[in-house]
Amino acid sequence: MQMQLSENFWLSEFLQSQTAERKPEVAGDQFNPPHHIVENLRYLCENTLQPLRTLLQTPLRISSGYRSVALNTAIGGSATSQHTKGEAADLIMSDRILEDPRLERQKEVIKNLVYERTGNWIKRDANANFYLFAAGCIYLDNLDVDQLIHEYGTPGKPSWVHISGSTARNKREILRISREGTERLDLKDALNLGCATE
């Protein structure tokens, strides 16, 4: 499990699961993924997650990475989830980074790029996850991304950001998932989720 997948990501981050820890029948498959899953996770890190991590220069926490079929079933996940293939991760960025003076330059770059593309400024109460989502949107064409999703929370305050990428698919879709359903977005509408538009 202590295998380095890219400069800042380790296999163990993608395998952790409280559900698997509580259920021995799930733990075996979850904590011992087959070789092709590890290689898919390595690809995701090298071509999608690490470039974003390097750009933002701040840690990204994996709240959900690989899910074995048994784990995915146990938590009620979609049978077609890319998590089961090692091709997706749900990411969280701490709101503390918004107050970190060492990261002011990165924050200003994102704010200015969002303004260039929308004519609107990011709202003061947008959370750090939105900055992560916005960075993914802005640099979408430079990353291998199948889906980039603003998940739950409220507009400009996603609870987490889902990012998937693989050698098989590269749809570069931007989505928002909320209690109301799933919405496909173009770049401007995606960025405006976190902007003051009035």
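One can find the structure itself at the top, above this paragraph.
Rules used throughout
Within each chain, residues carry numbers counting from 1 in the order of the written sequence. The model is predicted, so local features are restricted to residues of pLDDT at least 70 and side-chain atom pairs to those at 80 or more, both for listing and for counting; the totals for chains, interfaces and linings are taken over all residues. To get the side-chain values, all heavy atoms of the structure are used, and hydrogens and water are removed first. In this analysis, the protein atoms alone were mapped onto a 1 Å grid. Cavities are point sets where a 1.4 Å probe fits without being able to get out; pockets are open sets with protein on both sides within 12 Å along at least five of seven lines; lining residues have an atom within 4 Å of a point. Grid points are joined across faces, edges and corners, and a volume is the space filled by probe spheres set on the points. A run of DSSP states H or I qualifies as a helix once it reaches four residues; a run of E qualifies as a strand once it reaches two. Both are numbered from the N-terminal end. Burial classification: accessible surface area is computed with a 1.4 Å probe over protein chains only, and a residue below 20% of its type maximum counts as buried, one above 50% as exposed, and the rest as partly exposed. Contacts are assigned to residue pairs with any non-hydrogen atoms lying within 4.5 Å of each other. Here a polar contact is recorded for every N or O atom pair within 3.5 Å, except that within protein the pair must consist of a potential hydrogen donor and a potential acceptor, and residues adjacent in sequence are included only if both atoms are side-chain atoms. Angles run from 0 to 180 degrees between N-to-C directions of axes, and those axes are lines fitted to C-alpha atoms, restricted for helices to the stretch in contact. In what follows, roughly perpendicular refers to angles from 65 to 115 degrees, roughly parallel to angles under 35, roughly antiparallel to angles over 145, and oblique to any angle outside these ranges. In this scheme, a crossing is called left-handed if the near helix is turned counterclockwise away from the far one by less than a right angle; it is called right-handed if the turn is clockwise. Following the grouping adopted for this structure description, the nonpolar residues are Ala, Val, Leu, Ile, Met, Phe, Trp, Tyr, Cys and Pro, the charged ones are Asp, Glu, Lys and Arg, and the polar ones are all others, Gly among them. The definition of a nonpolar core used throughout is a set of buried Ala, Val, Leu, Ile, Met, Phe, Trp, Tyr and Cys residues joined through side-chain atoms within 4.5 Å.

J.: Is there a simple way to think about the layout of surface pockets in this case?
T.: Taken as a whole, the largest pocket encloses approximately 390 Å³ of empty space. Around the largest pocket sit 18 residues that line it, and S78, S81, H83, E151 and H162 are the ones nearest its centre. Secondary structure elements with two or more residues in the lining of the largest pocket: β3 (147-151), β4 (160-164) and β5 (173-178). With three residues, β3 is the single largest residue contributor to the lining of the largest pocket.

J.: Just to check I follow, could you spell out the environment of E173 for this structure?
T.: Topologically, E173 is positioned in strand β5. Residue class for E173 comes out buried when judged on its relative accessible area of 11%. As a C-alpha pair, E173 and L148 span 25 residues in sequence and 6.2 Å in three-dimensional space. The residues contacting E173, other than those within four sequence positions of it, are D146, Q147, L148 and R184. A polar contact of 2.6 Å, which involves the side chain of E173, links it to the side chain of R184.

J.: Explanation requested: the packing of helix α6 (residues 104-118) against helix α7 (residues 128-138) in the structure shown.
T.: Each packed pair of helices is defined by two parameters, the angle between the axes and the distance between the axes. As a packed pair, α6 and α7 sit with axes 10 Å apart at the nearest point and diverge in direction by 60°. Accordingly, the angle class assigned to the pair α6 and α7 is oblique. The crossing of α6 and α7 is left-handed. Facing K107, I110, K111, L113, V114 and R117 of α6, the residues of α7 in contact are Y131, A134, A135 and I138. Residue composition of the contact of α6 with α7, by class: seven nonpolar, no polar and three charged.

J.: Looking at this structure, how should I read the nonpolar core?
T.: General note: in soluble globular proteins, nonpolar side chains tend to be found buried as a group. Counting residues in hydrophobic clusters, the biggest one holds 53 residues, and the most contacted among them are F14, L49 and F133. At the level of secondary structure, the elements contributing two or more residues to this core comprise α1 (11-15), α3 (24-31), α4 (35-56), β2 (88-92), α6, α7, β4 and α8 (187-192). With nine residues, the single largest contributor to this core is α7. Dropping the residues within four chain positions of it, L49 is found in contact with F9, F14, L44, A89, L91 and I163.

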